[in-house]
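Single-letter residue listing:
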Amino acid sequence: MELTAKQLAEIVKGEVVGDEGAKITNYAKIEEAHEGSLTFLANPKYTHYIYTTKASVVLVNKKFEPEKTISATLIKVEDPYATLAMLLNMVSAMQPQKKGIESPVYVSEGVEVPDDIYLGAFAYIGQNVKIGKNVKIYPQCYIGDNVTIGDNVLLYSGVKVYQGCEIKNNCIIHSGVVIGSDGFGFAPKDGSYEKIAQIGRVIIEEDVEIGANTTVDRATMGATVVKKGVKLDNLIQVAHNVEIGEHTVIAAQTGIAGSVKIGKHNMIGGQVGFAGHITIGDNNQIGAQSGIHANPGDGKVIIGSPAVDARMFMKQSAYLKRLGDMYNSIREIEKELNNLKK
Amino acid sequence: MELTAKQLAEIVKGEVVGDEGAKITNYAKIEEAHEGSLTFLANPKYTHYIYTTKASVVLVNKKFEPEKTISATLIKVEDPYATLAMLLNMVSAMQPQKKGIESPVYVSEGVEVPDDIYLGAFAYIGQNVKIGKNVKIYPQCYIGDNVTIGDNVLLYSGVKVYQGCEIKNNCIIHSGVVIGSDGFGFAPKDGSYEKIAQIGRVIIEEDVEIGANTTVDRATMGATVVKKGVKLDNLIQVAHNVEIGEHTVIAAQTGIAGSVKIGKHNMIGGQVGFAGHITIGDNNQIGAQSGIHANPGDGKVIIGSPAVDARMFMKQSAYLKRLGDMYNSIREIEKELNNLKK
Amino acid sequence: MELTAKQLAEIVKGEVVGDEGAKITNYAKIEEAHEGSLTFLANPKYTHYIYTTKASVVLVNKKFEPEKTISATLIKVEDPYATLAMLLNMVSAMQPQKKGIESPVYVSEGVEVPDDIYLGAFAYIGQNVKIGKNVKIYPQCYIGDNVTIGDNVLLYSGVKVYQGCEIKNNCIIHSGVVIGSDGFGFAPKDGSYEKIAQIGRVIIEEDVEIGANTTVDRATMGATVVKKGVKLDNLIQVAHNVEIGEHTVIAAQTGIAGSVKIGKHNMIGGQVGFAGHITIGDNNQIGAQSGIHANPGDGKVIIGSPAVDARMFMKQSAYLKRLGDMYNSIREIEKELNNLKK
């Protein structure tokens, strides 16, 4: 790739401030950029970098006015982050796409493998599996019996899908993800535990992305459901019979216990834990490391374990640092009171 | 499957209240059930659903007396949850069982592969591996050299067992589990770290189930031991030289540091952390997200980080919400005291 | 292996106290040792075991003076732990080393496979992969296109390395590790999320060890970097554009959010969470389960969520237990004050 600032400005419908001939040969973050880098400024926290960056070209908001001289050429656009995302997606789309069936693979008799598939070596396709159009199954994936895979699904190397589960259109599943393992269901009996068979399944709806090594257990009965547009980060635990609502995003290492129902458009931080059998509303923001034991309602901002309103959590954290002072004040007051009483 | 309420009542030795001819074609949770569903009511929290459920038949406790009319047919039994578990296990047992050796597999020379095995494609069997009767090794599993696998063991796709480890009878290990990776042992030396070879192994005793992507490290010397009847959920970390006692159950994402000894019959929540080199008694209940730094004793209910008695934790959480009020009261008192002194 | 105490003392340049002819046939921890065991005493917490251990020989510090009789033979050395580590490494080095190319494997056309490689069955080598000397790639590993692997690298079974990543000399990567999965990057758009292509990569520098099922995401642009000598335990999450400084060690299940820069020589406990876009200094000790939202500086000891100085955390934990008493004292004081005012 080699573009000039002028050429790029035409693509992104932006205005050049500086050298129109500045050459772009790579993409980088503003603090790591060097000669030839295209970078962007969106987060105000990073503004100071624009005066020292070695980038050749920086995408900035069209309202941005520098306070000092800047050596880089600027391209002013409506939304620098969205513009950059669009460019990254263009770069990514230009990379060669995998196609064809490598060897050896294991495909059960009678399974119809579409012509446009990528099926990597050592991939395993069980009995009665249904596969949509334009699917990519990377090496060493396991697709159990009776699994259904929609169109445009991308399974990276080593994804494991147990029997009977369903992955709908446009999903991206990263390496090491396990879909459909047994829910953690045991009945106590005479001092030990008996396994309860988990005869349900998992449904991953359209446009879901699941990060590396995340696990989604099958339902005891019925289905564990990850709804349309949900984005799950790495190493997340989704227990049996959980439902995650449309367009909810969850950061890494969060754990969701059995039968929890999470609503739509929630933003959930990393390492959060949800207690079993609770319902969560819509549009909530839940801070990292929170412990959630009850429905916060809708549109709330909560954090802590057990979680409380975020402002209360800030106050608690501040007062916690004064606990020793408070303790000493009380003792002091008691002494003075005794003196007064005398 | 198609049964009538009457037929089912005979199987489970229950009493029909309602339409004996009601047809059962599927299993579902009470809040998700529809026509043809068999469901159950065990948790009182779900009682209100019985008046609105669309299930055709509901298993209830023989003492259950409805407060309103119920459209579903009831079958009264001693223990609805145990009855359902038994039925689910029947359904599960009727599913076709995998048998035979798929191709290709890698089996080291001299290993005796029993006739009744299921060995999925792309499975790897190292040198001198011993395999019991009625074992199922799903595709893409890795069994390192000198591993011993007992009877009736089930390894789902992609389980990795390092050399020298042992898995005893009736264990179920889910996809992505790693058994026998090196313990995290390093000795500081001149500003960097030197690896300490981990020459021990892992022993998984009888009747253990291990959830997806859980990791169990080998011992530095001796063995990391998961004892009889233990149930581990997904994404749990078991460090080197840990011992987990009989019939202890541990929920997802809990981490157990090196050389911890956990007793029998403990129930441990999700995302709990155990500090290294401690011993835990028997029959304790440890709440989710706890941090455990010392032996709670036996039969305790603890929670928090650092963990305290559960009742104390509840009180602390309640008082934390009043910290600001307490702070203000102290300041107010000090003012009044000053006035009084004047 | 069979050695006498005298022979061993010569190897480790130690002094025998007791039976020079005591025979050593195995290694064990002091509390689990039995006849024939060699063990060691380094942690003072374990000193009491030396009077009851069944070990035949114990490595002790040369300054150690027993307070009671000890049945085991002692070998006094400068540093018992380092001596033992050296012996374990000797034992480990004597184990047979894997060599050669098993069958089947998938190696892309044009890739040069060095003669001294171990390439396990069902391993996958993508296009244009570069492999150094003395590399071991265990069964079922996936090495994506354009990956570079240095000398003496050891990848255990089932490691997945996405395209374009780099693993430098002497690294050890355990089973289930995923390197180079997409960073968690999405831009909100019209009530749903659009994926931002992650066109960066991962660089794992020299002498790094990564524990089982840990995930390291590729950068959005540029590189996620794990620097020289870093040791990562199991089930850790390293997000996009993170940098982990030289010789920092991190315990299991810790999560590091996007763009965090961690300095050198830090010791980080298990289940810690780092908020995104922060910088951490050097030589800090961070306690388990901490939540880190800001740079502690250098050489600090911090713990808690949000993390504070470790001594303050201890005090807070102690005062928390007296919160109820404090509350009651305040109410009592208010009553007395009212009485006084009257």
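Here the structure is shown first, and the text comes after it.
These lines cover the structure that appears in this document, whether it is placed above or below. This structure is a prediction, so every number in the text was calculated from the model and none was measured. (Residues numbered from 1 in each chain as written. Chains lettered and ligands numbered in written order. Predicted model: local features only at pLDDT ≥ 70, side-chain atom pairs only at ≥ 80, totals over all residues. Heavy atoms only, no water.)

## Focus: the interface of chain B and chain C
Applicable threshold: The criterion used for residue contact is that any of the two residues' heavy atoms lie within 4.5 Å. Defined in terms of a 1.4 Å probe, buried area is the accessible area two parts forfeit on being brought together, summed over both. Salt bridge, as used here, is a side-chain nitrogen of Lys or Arg placed within 4 Å of a carboxyl oxygen of Asp or Glu. We define a polar contact as two N or O atoms separated by no more than 3.5 Å, with the added condition that, inside protein, one atom must be a possible hydrogen donor and the other a possible acceptor, whereas residues neighbouring each other in sequence contribute only through side-chain atom pairs. Secondary structure elements are taken from DSSP: a helix is a run of H or I of four residues or more, a strand is a run of E of two residues or more, and numbering for both begins at the N terminus.
Facing the 68 residues of chain B at the interface are 65 residues of chain C. For the pairing of chain B and chain C, the buried interface totals around 5,200 Å² over both sides, and the portion due to carbon and sulfur atoms is 62%. Between the two partners, chain B and chain C, sit four salt bridges. Where C:E209 meets B:K195, a salt bridge forms, and the shortest distance between an N and an O atom there is 2.9 Å. Where chain B packs against chain C, one counts 33 residue pairs in polar contact (both at pLDDT 80 or more). Of all elements in the fold, only strand 20 (178-181), strand 21 (186-189), strand 22 (192-195), strand 25 (215-217), helix 3 (310-320) and helix 4 (323-341) of chain B reach the threshold of two or more residues within the side of chain B that touches chain C. Counting residues per element, the side of chain B that touches chain C draws most heavily on helix 4 of chain B, which supplies eight residues.

## Looking at the pairing of strand 38 (residues 301-304) of chain A
Residues and elements named next belong to chain A. Where we set the bar: DSSP calls a pair of strands paired once it identifies at least 2 bridges connecting them.
By the bridge criterion, two bridges tie strand 36 (residues 285-286) to strand 38 in an arrangement that is parallel. From the neighbouring strand, Q285 faces strand 38, where its bridge partner is V301. Where strand 38 lies against strand 39 (residues 307-309), three bridges are found, and the strand directions are antiparallel. Looking across to strand 39, one finds that I303 is bridged to V308. Between the antiparallel neighbours strand 38 and strand 39 lie two residues.

## Concerning the relation of the copies chain B and chain C
For clarity, the cut-off: When the copies are overlaid, the least-squares fit takes in C-alpha atoms only where the residue has pLDDT of at least 70 in both copies.
After a rotation of 120 degrees and a shift along the axis of 0.0 Å, chain B superposes on chain C with an RMSD of 0.1 Å. The symmetry that links the two subunits is that of a three-fold axis.

## Considering the environment of A:I70
All names here are of chain A. With respect to the helices and strands, I70 occurs in the loop between strand 6 (57-61) and strand 7 (73-77). As a C-alpha pair, I70 and Y51 span 19 residues in sequence and 5.2 Å in three-dimensional space. Residues within four places of I70 in sequence aside, it is in contact with I50, Y51 and F64.

## Structural notes on the packing of helix 3 of chain B against helix 4 (residues 323-341) of chain C
This is how it is decided: Every angle, taken between N-to-C directions, lies between 0 and 180 degrees, and every axis is a line fitted to C-alpha atoms, over only the stretch in contact when it is a helix. Throughout, the term roughly parallel applies to angles under 35 degrees, roughly antiparallel to angles over 145, roughly perpendicular to angles from 65 to 115, and oblique to all others. When residue character is reported, Ala, Val, Leu, Ile, Met, Phe, Trp, Tyr, Cys and Pro are called nonpolar, Asp, Glu, Lys and Arg charged, and the others, Gly included, polar.
For the pair helix 3 of chain B and helix 4 of chain C, interaxial distance at closest approach is 9 Å and the crossing angle is 50 degrees. When the axes of helix 3 of chain B and helix 4 of chain C are compared, the pair comes out oblique. Residue-level inspection shows B:Q316, B:Y319 and B:L320 of helix 3 of chain B in contact with helix 4 of chain C, the latter providing C:L323, C:G324, C:Y327 and C:N328. Tallied by class, the residues present in the contact of helix 3 of chain B with helix 4 of chain C amount to four nonpolar, three polar and no charged.

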